[in-house]
Structures are given as C-alpha cells and as structure tokens.
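Descriptive analysis of the structure
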Amino acid sequence: MQLTSLLSTCVLRRLTTGKIARFIACAALLNVLPTHAQTTLHPQNQTHTSAALTNTPCIDDSNAVDVFGAQCYSLTVAENPQAANGRNLDLHITRLPALQETQKPPLFFIAGGPGQASSDLLAVFRHEFSGLLVDHDFVFVDQRGTGHSAPLNCDTDLLPLAALSPDALEAKAIENLKACITETTATTKADFRYYTTPYAVADLHQVRQALGYDSIFLWGGSYGTRVVLDYLRRHGDTVAGAILDGIAPIAIQLPTFAERDGSRALAAVFQRCESAPQCRAAFPDLSARWQQHLQKLSDAPTAVELKHARTQEAHTVYVNEQVVSAWVRLIMYSRNIVPILPLALDRATQGDYSLLFSVYSVGLDSMAEGISELMQTAVLCAEDARYSQLYPTQVDDAGHLLRLPTRNGFDKSCALFPASTLTTEYFAPVKSDVPSLLLSGQLDPVTPPSWGDEAGQTLSRSQHVIVNNGHHIVSRLGCVPAIIERFVAAPNAVEKLDTGCVENIAPPHFFIDAAGPTMQKTLDAAGAAHD
C-alpha cells in the first residue's frame with residue numbers, strides 16, 4: 001500500500017487479522033454449526049435470478065474451500081454503465097444460506113477500507129452472528145476493485161522504505177504509485193473513474209435483484225457505512241433496516257480530521273491511564289512527557305534499528321514526530337492492543353521505540369493484507385479530496401497529541417488519478433427514514449462518535465449507540481451482537497431498543513510492565529507471601 005494513503009487516510013482496520021484469525025474463527029464455528037447442514041433456500045432466491053449470475057467455486061487465496069456451506073456466484077456488470085460495449089467486471093458474491101427455510105430479508109455485509117473485500121468478513125460474522133443465520137441469509141459482495149472483483153492492487157512493502165526521511169519517502173511513494181498505475185492500466189485497462197461509491201451501490205442493487213431479494217438488511221463498517229448511506233439515498237425502499245458501525249460519512253473528508261480525531265482518542269487513553277492507580281503510578285505525567293517528546297523529535301529526528309515483531313527482521317527506521325504519531329494512531333484502532341500503549345509510550349519517551357514499533361509492525365501487516373490500494377486511493381481522491389475542494393475546512397491543531405503528515409503526499413497522489421466526476425448531490429447529507437442502528441466506540445481514533453451524531457441528524461428513525469469502552473468497529477463487542485439481533489427482529493422499534501447493556505462492557509486493564517496487570521498482581525502477592 002502507498003504509505004501516504006495508509007498512514008494518513010486509511011479508514012478501516014480489518015476486522016480479521018489475516019489467515020490466523022480466519023482459522024480461529026472457522027475453528028470456533030465447528031462448535032456452532034453442524035457440518036452436515038443442508039439448507040432450503042427462500043423460493044424467490046431460486047427463481048428470480050439474472051442470466052448473468054453464474055455459480056463459481058468458493059475458494060480462498062490458497063485455493064482451499066473458504067467456509068463450509070457457502071454458495072458463491074459471479075455477476076457480470078459494466079465497468080462504465082453508460083458504455084454498452086465497454087469493459088466488463090465480474091463481481092464475486094458469497095452467500096451463506098439461512099439454516100432453515102425463511103421468508104425474512106437477508107443481511108448484506110459491506111466492508112470498509114476503502115479497499116477491503118467483504119468476503120474477508122465472512123468467517124467472523126458467521127460466528128459472531130450465528131443466531132441471525134438461523135433464519136436470515138448472509139450475503140457478501142466484494143466491491144468492484146477489491147477481493148475477487150477485478151481487484152486494483154499494488155504490491156508494495158513499506159518497511160524497506162522506513163529509513164527514508166519524510167521528503168524522500170514521499171517521493172518514493174509517488175514513484176511507486178505511478179509505476180503501479182502504469183502497470184495496472186496497461187494490463188487491465190481499468191478506468192478509475194468507475195470505482196467510486198455510487199457505482200458500488202449500483203452493483204449491490206443489481207446483486208439484490210439477481211439473487212431475488214425484495215428487501216434486505218445492510219451492515220456496513222467504517223467506509224462501508226458510506227456505501228450503506230448512499231444505498232439508503234438511492235434504494236431505501238428496498239432496505240428493511242441498516243446497521244452502521246464506525247460511521248464515515250463523506251463529510252469526514254479524509255485526511256482532514258485524522259490528526260484531530262486521533263488526538264482525541266489518545267487524550268482519552270491518557271485520561272484513563274491517569275484514572276487507574278497502577279497505570280498512573282507506573283507512568284506519571286505521561287501525556288506531558290509524550291508532548292515534550294514529540295517536540296524533541298520534531299527538533300532532532302533520529303534513526304534507530306528496530307526489529308519486526310513477527311519476522312524479527314531488523315530495519316533501520318527514521319523516527320520523527322510524524323512517524324511515531326502514525327504508529328500510535330494505527331495501534332489505537334484495536335481495543336486489544338491499546339492496553340500496551342501507555343507502556344510503549346513511556347518507553348518511547350525514554351528513547352526506546354522497540355515495543356511501540358513491534359506493536360505497530362504487526363498492525364501494519366494486518367491492515368495492509370487484503371486492501372486493494374489503487375481502489376482505495378481512487379475512492380478517496382474522487383470523494384474525500386473532492387469534498388475538501390468543494391467545502392474547504394480549516395482544523396485548529398493547537399494541543400493535538402498526534403502530529404501526522406500533512407496532506408501534501410495525499411494531494412500529490414490524487415493528481416495521478418482522473419478528476420472526480422461526482423455531482424454535488426452526492427456530497428449532501430443522506431436523508432432517510434429507513435430504521436437505522438448507529439454504532440460508535442468512544443475511543444475510536446478514526447470514526448469517533450461525532451461522525452455518527454452528524455449522520456444521525458438526517459436519519460429520522462435511528463438510534464446512536466456509543467460504547468464507552470469501544471474502539472473502531474464494535475459490532476462484535478460484548479452484548480452488541482445481541483443488540484443487533486434484537487434490531488433485526490424489530491427494526492421499526494429502533495428508537496425504543498434497549499441498549500443499556502453496553503455500559504457493562506468493561507475496559508481491558510493496562511499493562512504496567514511486560515508481565516501485564518493481572519500477572520503483576522499475582523507476582524506481587526506471591527513475593528509478599530515468600531517474604
């Protein structure tokens with residue numbers, strides 16, 4: 001992935017963490033679903049299909065069967081719907097049939113990124129939402145330009161570039177992007193103008209029709225919520241209800257608010273550390289020391305040798321305030337990794353970046369895997385960059401706890417792509433009366449609750465649920481799957497939906513050293529007994 005796109009503009013941390021997480025999720029399913037299950041499909045799903053819809057094998061990138069019981073299809077669509085004899089794309093569709101005969105609307109799952117394939121979510125959601133799968137089909141459509149739907153990929157390894165200064169890194173990233181664009185257009189003849197959200201929405205509408213569904217539920221995560229919102233605008237009469245997790249409306253105009261929103265999340269982490277006696281004692285005045293260290297790195301950048309946590313390969317890494325800020329922002333996507341953050345930042349302020357880099361490098365592997373970089377940049381340039389041109393916004397950076405790269409690299413990347421053809425109507429807030437459940441994590445560094453509040457102002461039948469101890473994407477956290485199940489059962493009662501259980505989702509404890517908080521208490525007790 002191009003560095004400026006990844007560090008400054010990427011929306012969604014992958015819900016899976018690569019093949020290991022997929023394996024774990026699939027293994028867990030063996031205890032949930034019978035391996036001999038035979039499903040009876042909704043009758044209309046069998047009779048109202050398009051001639052262009054064909055059966056295809058359900059395989060993953062290693063040509064192994066992806067998920068047992070899945071049905072896979074290919075639907076041919078025009079890259080440019082206005083060009084009758086133009087290039088065609090084959091959309092990859094995966095359906096998990098309900099476990100019993102049903103007349104209920106299916107759930108369509110829309111991934112984020114932009115650039116993530118929805119089929120990557122399949123194993124996780126089959127497990128987490130197994131209750132819904134009893135009488136609802138699940139449908140995953142790889143958005144055009146992603147996954148197995150004519151992907152627009154670049155194969156770029158970022159870590160060998162880590163020793164470069166910001167200016168040199170930006171120049172190298174632009175050089176790599178140019179080469180990738182040249183190769184892709186030569187081999188595929190892809191026209192990047194036709195990979196934006198409205199074309200993806202038109203594809204979803206065709207898939208719905210081809211599969212014979214009169215009405216559907218939509219789930220979208222992060223950038224996927226933008227797809228859901230535009231679908232509500234254009235085809236709301238076909239939607240029974242919408243679930244939007246980590247809301248990213250077009251007004252988010254990445255990367256304009258990335259530093260502000262990331263700083264807000266880091267401030268909350270510092271505040272929670274300060275409120276926890278063990279964390280406060282172990283890392284006193286951490287926020288102030290971190291800000292002082294950022295200034296030190298701004299004045300005197302350094303180069304250090306650091307090892308990748310997984311490969312143990314050593315890399316010379318250029319470190320300044322922007323580099324470490326980008327590391328921290330990426331780490332904060334994950335609720336499971338943030339407990340290590342105070343310890344890593346404390347060590348960083350003392351010049352030891354090994355732990356911070358280790359956590360970041362693992363997260364980078366997870367995020368980069370499965371993201372179609374050219375599709376991502378094409379969407380962000382046509383939509384977010386265009387929004388910023390139409391509605392310029394100045395963000396006050398006073399007091400920010402992160403100092404991310406400027407948007408110069410992003411704008412230079414966008415200069416390599418065709419000018420946006422989207423009309424101003426696309427950039428208007430989406431107005432809809434479709435029942436909608438909005439979900440946000442209070443500690444989300446990229447799509448904080450404020451964006452959900454903004455989107456909800458024009459969704460007249462909605463409830464916004466904020467998980468106080470949640471980060472980016474909360475659908476799988478605590479009681480949230482049960483809330484989603486109740487919403488799907490009675491979407492018209494969304495305003496009255498009882499969501500109080502999210503207050504019982506406790507925060508994970510901070511690590512105060514390598515032993516972790518719980519282990520440290522055990523060791524202290526054992527030591528006292530021995531004494």
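Refer to the structure presented above.
Some words on the overall build of the chain
- Summing up its helical and strand segments, the chain has 19 helices and 11 strands in all.
- Counting across all 531 residues of the chain, residues that qualify as buried make up 56%.
- The long-range fraction of contacts in the chain, counting pairs at least 24 apart against all pairs at least 6 apart in sequence, stands at 79%.
- For the chain, the computed accessible surface area is about 21,600 Å², with 51% contributed by carbon and sulfur atoms.

Description of the packing of aromatic side chains
- This model, assessed by the stated rule, comprises 18 aromatic pairs.
- Three or more aromatic residues joined by ring pairs make a cluster, and in this case those are Phe109, Phe125, Phe129, Phe138, Phe140 and Trp219.

Side note on helix H7 (residues 197-211)
- For H7, with 15 residues, the first-to-last C-alpha span of 21 Å sits near the 21 Å given by 1.5 Å per residue.
- Burial runs high along H7: 11 of the 15 residues are buried.
- Backbone geometry just after H7 places Gly212 at a positive phi near 85°.

A closer look at the pairing of strand S9 (residues 314-319)
- Pairing analysis gives six bridges linking strand S8 (residues 302-307) to S9, with the strands arranged antiparallel. Residue pairing for S9: Leu306 is matched across the bridge by His315.
- The turn joining S8 and S9, which pair antiparallel and follow one another in sequence, is formed by six residues; a positive phi near 60° is taken by Gln312.

Quick look at the state of the cysteines
- What the rule picks out here adds up to five disulfides.
- Here Cys273 engages in a disulfide with Cys279; their sulfurs sit 2.0 Å apart. Judged by the sign of its S-S torsion, about -95°, the cystine formed by Cys273 and Cys279 is left-handed. The same class applies to Cys273 as to Cys279, namely buried.

Some details on the nonpolar core
- The biggest cluster of nonpolar side chains holds 47 residues, and the ones touching the most others in it are Ile93, Phe108, Val207, Leu211, Leu232 and Leu374.
- Sorting elements by how many residues they give to this core places helix H8 (residues 223-235) first, with six residues.
- Not counting residues within four places of it along the chain, the set of residues in contact with Phe108 comprises Val139, Val141, Leu204, Val207, Arg208, Leu211, Tyr213, Ile216, Phe217, Leu218 and Trp219.
- Among the nonpolar cores identified, the runner-up in size contains 40 residues, and Leu159, Ile331, Ala344 and Phe510 belong to it.

Remarks on the environment of Tyr194
- Within the secondary structure, Tyr194 sits in the loop between helix H6 (166-188) and H7.
- Take Tyr194: its relative accessible area is 11%, and that puts it in the buried class.
- C-alpha separation for the pair Tyr194 and Gly145, spaced 49 residues apart in sequence, amounts to 9.5 Å.
- What Tyr194 contacts, discounting residues up to four positions off in sequence, is Glu79, Asn80, Arg144 and Tyr199.
- Looking at Tyr194, its side chain comes within polar contact range of the side chain of Asn80, at 3.2 Å.

Notes on the packing of helix H11 (residues 286-299) against helix H12 (residues 321-331)
- Viewed as axis vectors pointing N to C, H11 and H12 meet at an angle of 135°, and their least axial separation amounts to 8 Å. By the angle between their directions, the pair H11 and H12 is classed as oblique. Here Trp290, Leu294, Leu297 and Ser298 of H11 lie close against H12, whose contacting residues are Glu321, Val324, Ser325 and Val328.
- Its residues placed into classes, the contact of H11 with H12 shows five nonpolar, two polar and one charged.

Describing the pattern of salt bridges
- Counting across every chain of the model gives 14 salt bridges.
- Arg233 is the salt-bridge partner of Asp230, the closest N and O atoms lying 3.1 Å from each other. Taken together, the residues span about one helical turn, with Asp230 and Arg233 both in helix H8 at a distance of three residues.
- The exposure class assigned to Asp230 is buried, which follows from its relative accessible area of 1%.
- A single network of salt bridges, built from pairs that share partners, joins Arg226, Glu383 and Asp384.

The rules behind these values
- Residues numbered from 1 in each chain as written.
- Predicted model: local features only at pLDDT ≥ 70, side-chain atom pairs only at ≥ 80, totals over all residues.
- Heavy atoms only, no water.
- Helix = DSSP H or I, 4+ residues; strand = E, 2+ residues; numbered from the N terminus.
- Buried < 20%, exposed > 50% of the residue type's maximum accessible area, 1.4 Å probe, protein only.
- Contact = heavy atoms within 4.5 Å.
- Areas by Shrake-Rupley, 256 points an atom, 1.4 Å probe, with all protein chains shown as cover.
- Phe/Tyr/Trp six-rings, centres within 6.5 Å; stacked < 30°, edge-to-face > 60°.
- Expected span 1.5 Å × (residues − 1).
- Pairing = 2+ DSSP bridges.
- Disulfide = S-S within 2.5 Å.
- Core = buried A, V, L, I, M, F, W, Y, C linked by side-chain atoms within 4.5 Å.
- Polar contact = N/O pair within 3.5 Å; in protein donor to acceptor, adjacent residues only side chain to side chain.
- Axes fitted to C-alpha atoms, helices over the stretch in contact; angles between N-to-C directions.
- Parallel < 35°, antiparallel > 145°, perpendicular 65-115°, else oblique.
- Nonpolar A, V, L, I, M, F, W, Y, C, P; charged D, E, K, R; others polar.
- Salt bridge = Lys/Arg side-chain N within 4 Å of Asp/Glu carboxyl O.

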